[in-house]
Amino acid sequence: MIRGLSQRMRRQPIAALAMLWLTGLVVLGFLAPWLAPASPTVQNPAEILLPPNAQHWLGTDDLGRDVLSRLIYGSPVALTASLLAVSVAALIGVPLGLLAGFAGGWIDMLIGRIVDAMLSFPAIILAVGITGALGAGLIDGMIAVGVVFAPVLARLARAETRLVRAEPYVEAARGFGASTLYLLRRHILPNVAEPLIVQITLLLAQALLAEASLSFLGLGAQPPAPSWGAMLARAYAYMEIAPEQMYAPGLAIVFTSLAFNRLGEALRAALDPRENPSGDFIDANPATTVLPDRRV
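This one's a predicted model, so the numbers in the text were calculated from it and none came from an experiment.

### Quick look at the overall build of the protein chain
No. 1: Tallying secondary structure elements over the protein chain gives ten helices and zero strands in all.
No. 2: Along the protein chain, helices (α) and strands (β) appear in the sequence α-α-α-α-α-α-α-α-α-α when read from the amino end.
No. 3: Within the protein chain, the proportion of its 296 residues that are buried is 45%.
No. 4: Expressed as a percentage of contacts within the protein chain between residues at least 6 apart in sequence, the contacts between residues at least 24 apart total 71%.
No. 5: Carbon and sulfur atoms make up 69% of the accessible area of the protein chain, which totals about 14,800 Å².

This is the structure in structure tokens:
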């Protein structure tokens, strides 16, 4: 998989740039105490809303804090929040989808109705409602976003599981008395993992936007935490007199979201047998192989 992904990225320079951007954000997060020119929380009333200058490369905000420092310290907040939300979604959605797709019957119908009910609400509205019930804060907000995204993974896992469970090797294993847990762990999950990985990568972009939206509304990261969404919220109040305050956090959110999307598309292409006819990902063991012809 890694070799195929690297080959795909060599054919798609934008995907390589996306990986470079995300890697750079991770490095910024680890090296923030050494790279940031100032503290992200220390206020300086004498330097309020300064434009970009030699001392403050991106200017200062309405409390005199260095925008570049808050931007650097905000990168691990954004990445951690996205990973937390998607992890919660995967822990809830994937097991439910596997259970619904493999068990069928009334279990499938019950889980399907719950998934349909949750998907009928706009995602951000449902996230705001759950966050309001749990309480404002970054962790509670990302748990809410993860709950909102869980039905997406549940529906995908269910559809893929229904395809794989009809394969002859699954029926043969069932005939030899394999338990349900063994079948799910050994035969089903390895064969549905690839589309789920792609969807999880794409959900990272949506989770980033959701975190920024919640922080913009005051339901995500709480002051004085350097969140990109919170930076946008403060800059919005002074947009007419200091519009440059919105550029840095806004572009950071846009570029990071695009990077996650491009990485997801690269993964989709690298894992698609039609894009990888050489068979780099085909395992010799049919029990752990994603069959190229199982999708219609």
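### Comments concerning the confidence of the model for the protein chain
No. 1: Here the protein chain shows a mean pLDDT of 84. Residues at 70 or above account for 88%.
No. 2: The secondary structure element of the protein chain with the lowest average pLDDT is helix H1 (residues 2-11), at 60, and the one with the highest is helix H3 (residues 67-103), at 94.
No. 3: Across residues 277-296, confidence stays below pLDDT 50; counting only partners more than four residues off in sequence or on other chains, it has 40 contacts.

### Focus on the packing of aromatic side chains
No. 1: Applying the stated criterion across every chain, the model contains two aromatic pairs.
No. 2: Both rings, one in Trp-21 and one in Phe-255, keep their centres 5.6 Å apart while their planes meet at 80°; by these two values the pair is edge-to-face. Residue Trp-21 is located in helix H2 (residues 13-35), and its partner Phe-255 is located in helix H10 (residues 247-271); the two are separated by 234 residues in the primary sequence.
No. 3: Judged by relative accessible area, Trp-21 falls into the partly exposed class, the value being 33%.

### Observations regarding the nonpolar core
No. 1: Core analysis: the largest hydrophobic core is formed by 50 residues, its most contacted members being Val-145, Phe-149, Leu-153, Ile-188 and Trp-228.
No. 2: Put simply, the parts of the chain that give this core at least two residues each are H2, H3, helix H5 (123-134), helix H6 (138-164), helix H7 (168-175), helix H8 (180-216), helix H9 (228-237) and H10.
No. 3: Those residues within four positions of Ile-188 in sequence are excluded, and the remaining contacts are Leu-98, Phe-102, Thr-161, Val-164, Arg-165, Val-170 and Leu-183.

Procedures and definitions
Residues numbered from 1 in each chain as written. Predicted model: local features only at pLDDT ≥ 70, side-chain atom pairs only at ≥ 80, totals over all residues. Heavy atoms only, no water. Helix = DSSP H or I, 4+ residues; strand = E, 2+ residues; numbered from the N terminus. Buried < 20%, exposed > 50% of the residue type's maximum accessible area, 1.4 Å probe, protein only. Contact = heavy atoms within 4.5 Å. Areas by Shrake-Rupley, 256 points an atom, 1.4 Å probe, with all protein chains shown as cover. pLDDT = per-residue confidence, 0-100. Phe/Tyr/Trp six-rings, centres within 6.5 Å; stacked < 30°, edge-to-face > 60°. Core = buried A, V, L, I, M, F, W, Y, C linked by side-chain atoms within 4.5 Å.

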